[in-house]
Every structure is written in C-alpha cells, then in structure tokens.
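Listed below, chain by chain, are the residues.
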Amino acid sequence: MDFRLNEEQQMLQDTVARLVRGEYSFEKRLEYSESDLGFSEDFWKQLGELGLTAVPFPEELGGFGGSGVEVQSVMTELGRGLCIEPYLQSVVLGGGLISQSGNDPQKEQWLGGIASGETRAAVGLQEPQSFYDLNDVETRAEKSGDNYVLNGRKAVVIGGHCADVLVVSARTSGDSRDADGISLFLVPADADGLERRTYPTIDGAKGCDLFLNNVTVGADALLGEEGQGAGVIEYQAGRAIAALCGEAVGVMEVACDLTLEYLKQRKQFGVPIGRFQVLQHRMVDMMSELEQARSMAILAASVADEPQSDERRRILSAAKNVIGRSGQFISEQGIQSHGGIGMTWEYNFAHYAKRLIMINHQLGDDDFHLERYATLLQAS
C-alpha cells in the first residue's frame, strides 16, 4: 500500500509548513500565549485566507471537501509549530458536529463562517465529573414551551473564551451516564445566563469552564434529534482523535530533532555526548517510537471519515493509545537527554514535552483507550 501523499495533499502540507515556519517562531508563540486572546488573531486570519480552515467542509459550503488525511496534514504542521490556535476545537470538532447533525438553516448560518475563519466555534462536551466518558452528562436541558432551558457546567472548553458559538451537550432525558438522552445545542456566546471563567492551560493554550445558569435557547438551537447526540459526539470525537494523532506526530518530530541536535552539540569530557553509546540507544528508542506513532496516525486518518463501526472504533483507540504512549516516552527521554535545560521555560523543548503530555490526556489517555480497545476486541 502506498502511504505517500498525492500531489494536492503534498501541496496542502507544504503550504501550512511554509506558513508556520514564516509566522510562528517560538518567541512569538510565547507572546501569543500570554496575550488576552491566548493566540494570534493574525495567524488565525491567515489560516482562513489560505482556505486552511475550510479543509474538511464540503465544496457547497465553501470548503475543500478534504478527508481525514488532509486534516491530519494540516494538524501535523500546526503541531510542528506548537500552534495554539483553536483549529481542532473550531474546525474539526465544532464544524464536524454541525456538519453531521445540523439542519440546512443551521449549516447555512454557521458553517460558512467557520470555514472562512470569520466565526469561531468551541465545544463543551466534558464536565468536572466525567473524566473521559463523554456520555457522563449532568447538564440538563428542560423543555419550556418552544424553548429549552439549560443548567449545568462544562469543563476545559479550549477556545471557549473567545468562541462566537458553543456546541454543548445536555441531557434531555435519562440518567447521568446513559448514552440515550444526550442532546446537542448551539449556544451563542452572548446568551443570557452563560458565564465563562477563563484560564491558561499547562501547554500554553487558553480555555474556560462554562457555567450555564438558566440559559434559554429556542428550539432551533437543537442540533440533530433530541436525545440522539451520543452517536454524533462519538463519531466526531473519533475524527478529532485522528487529527490529534497528526498533531502529536508533528510535535514528536520536532522533539526528536531538538534532542538529536543537542546530543551533537553538547560536550562532556571533550566530546559530543551523542558519542556515548547509552545516549545513542536512547535516541534510537525515541525514533522507533516516533515511527510507530507515525504509522498509527496514518491508519487513524484513513478511517476517520469511514462510517461508524467497531473496526473504526478499535483502530482509533489503538492509534490514540500508541500516540499517547509514544508521546510520553519521547517527552520523558528527551528531557533526560537534555538534562536540566530540558525543563526550562526559555528553551522550546519543554513546551513540546508539555504539549505531548496534554495530547495524551485529550479525548482519553493511553490507559483509557487500551481498556476500550480490549473491550471492543472481546465483544467482536
């Protein structure tokens, strides 16, 4: 099987790579991270102007009709630059949920803006008690006449502090962990009763917790069928996992490059420390983990847009497990190879290591997906 990108896919990846190399130095990233917005508004606009925020959307909505492979190509280059713009949350997850379950008026209202980058979406699917279980939803949506009244709390909504629209899950029936009874709602950022408490994350991004206090939305804010949101969430979370795998590969590539360069330059006893056999073995182990992760990321991208099945679920969980495990190994071994400088704020390796650790915890860590994979395998 030929895993090489075709000419169009290679052009897309080269475009993102040039943009990131030209606009996203490590020093600029630190400035963006410490700003009120938490990322670069100009860089986000460039993503939109170049059509990169339109990659996964159909052509009739202003998109490119790209598949998981194209999305992963974009994410890999964003990962290489440690870009902190909310591409995953707005384009992949937010746009994906609306694209899959929205009706025509909802798609027309939101997807064009998301595809152009003029509108930013964020998703509120996790809650403080839910850990990695996206079906663990205690936020309630009660019917009141023609409207719904939402009450509850959503945790760690990356990009939610500056989003124009929020896609949130809320329970319209059932108990807190039931798959049935979960509905999706489009909540405007300026809705009465919506409070956002913003904070920085350990890997340099910015997010918030959402507090929904009697937030009233019309029936036209319901996304998809009432009580049938769990399947949509699971499917789009799978697409996001494939995209995250691509980002992780980009981060790991740079982390390995930085470590190798350090081993060549740092000297002890008059010779580069890369001449010491134990460090050579460690570097080989890191590169081996990177190759495994790259292979699993390609596999995940190939099934990201396939119809839902147990095989798709197994592949995505296997990929997330390998990516999480490899990312943790590379970050830890890279720090060991660097010594103390590998943990300093001023040196970029520490930030790559933090991002790899956080990617492992997004949408389920390696242990969570190992258990999920085993359960799916036993059930087959």
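Everything below is about the structure shown above.
Residues numbered from 1 in each chain as written. Predicted model: local features only at pLDDT ≥ 70, side-chain atom pairs only at ≥ 80, totals over all residues. Heavy atoms only, no water.

Novice: Is there a simple way to think about helix α1 (residues 7–23) in this case?
Specialist: An α-helical turn contains 3.6 residues, so a residue and the one three or four places further along point in the same direction. For α1, with 17 residues, the first-to-last C-alpha span of 24 Å sits near the 24 Å given by 1.5 Å per residue. For α1, every residue scored as buried is listed here: Gln 9, Leu 12, Gln 13, Val 16, Ala 17, Leu 19 and Val 20. The arc that holds the buried residues of α1, viewed along the axis, is 165 degrees, so those residues lie on one side. Exposed side chains of α1 directed beyond 90 degrees from the buried face belong to Glu 7, Glu 8, Met 11, Arg 18, Arg 21 and Gly 22. Turning to α1, the residues buried within the fold contact α3 (41–49) and α4 (68–80). The backbone nitrogen of Glu 8 has a side-chain oxygen 3.1 Å away, supplied by the residue at the start of α1, namely Asn 6. (Helix = DSSP H or I, 4+ residues; strand = E, 2+ residues; numbered from the N terminus. Expected span 1.5 Å × (residues − 1). Buried < 20%, exposed > 50% of the residue type's maximum accessible area, 1.4 Å probe, protein only. Arc of directions from axis to C-beta. Contact = heavy atoms within 4.5 Å. Polar contact = N/O pair within 3.5 Å; in protein donor to acceptor, adjacent residues only side chain to side chain.)

Novice: Before we go on, may I ask you to explain the nonpolar core in this structure?
Specialist: Across soluble globular proteins, you tend to see nonpolar side chains buried next to one another. Counting residues in hydrophobic clusters, the biggest one holds 89 residues, and the most contacted among them are Leu 78, Tyr 87 and Ile 323. Among the elements that take part in this core, helix α7 (residues 229–265) stands out by supplying 20 residues, more than any other. Ignoring any residue separated from it by four or fewer positions in sequence, one finds Leu 78 in contact with Val 16, Val 20, Phe 43, Leu 47, Cys 83 and Tyr 87. If you look at the next biggest cluster of nonpolar residues, it comprises 20 residues, including Ala 141, Tyr 148, Ala 191 and Leu 210. (Core = buried A, V, L, I, M, F, W, Y, C linked by side-chain atoms within 4.5 Å.)

Novice: Looking at this structure, I do not really get the packing of helix α9 (residues 310–338) against helix α11 (residues 366–379). What am I missing?
Specialist: Where α9 meets α11, the closest approach of the two axes is 8 Å, and the angle between their N-to-C directions is 150 degrees. Taken as axis vectors, α9 and α11 run roughly antiparallel relative to one another. Here α9 runs over α11; the crossing is left-handed. From α9, Asp 310, Arg 313, Arg 314, Ser 317, Ala 318, Lys 320, Asn 321, Gly 324 and Arg 325 reach across to α11, where they touch Asp 366, His 369, Leu 370, Arg 372, Tyr 373, Leu 376 and Leu 377. Classifying every residue of the contact of α9 with α11 by side-chain character gives five nonpolar, four polar and seven charged. (Axes fitted to C-alpha atoms, helices over the stretch in contact; angles between N-to-C directions. Parallel < 35°, antiparallel > 145°, perpendicular 65-115°, else oblique. Left-handed = near helix turned anticlockwise from the far one by under 90°. Nonpolar A, V, L, I, M, F, W, Y, C, P; charged D, E, K, R; others polar.)

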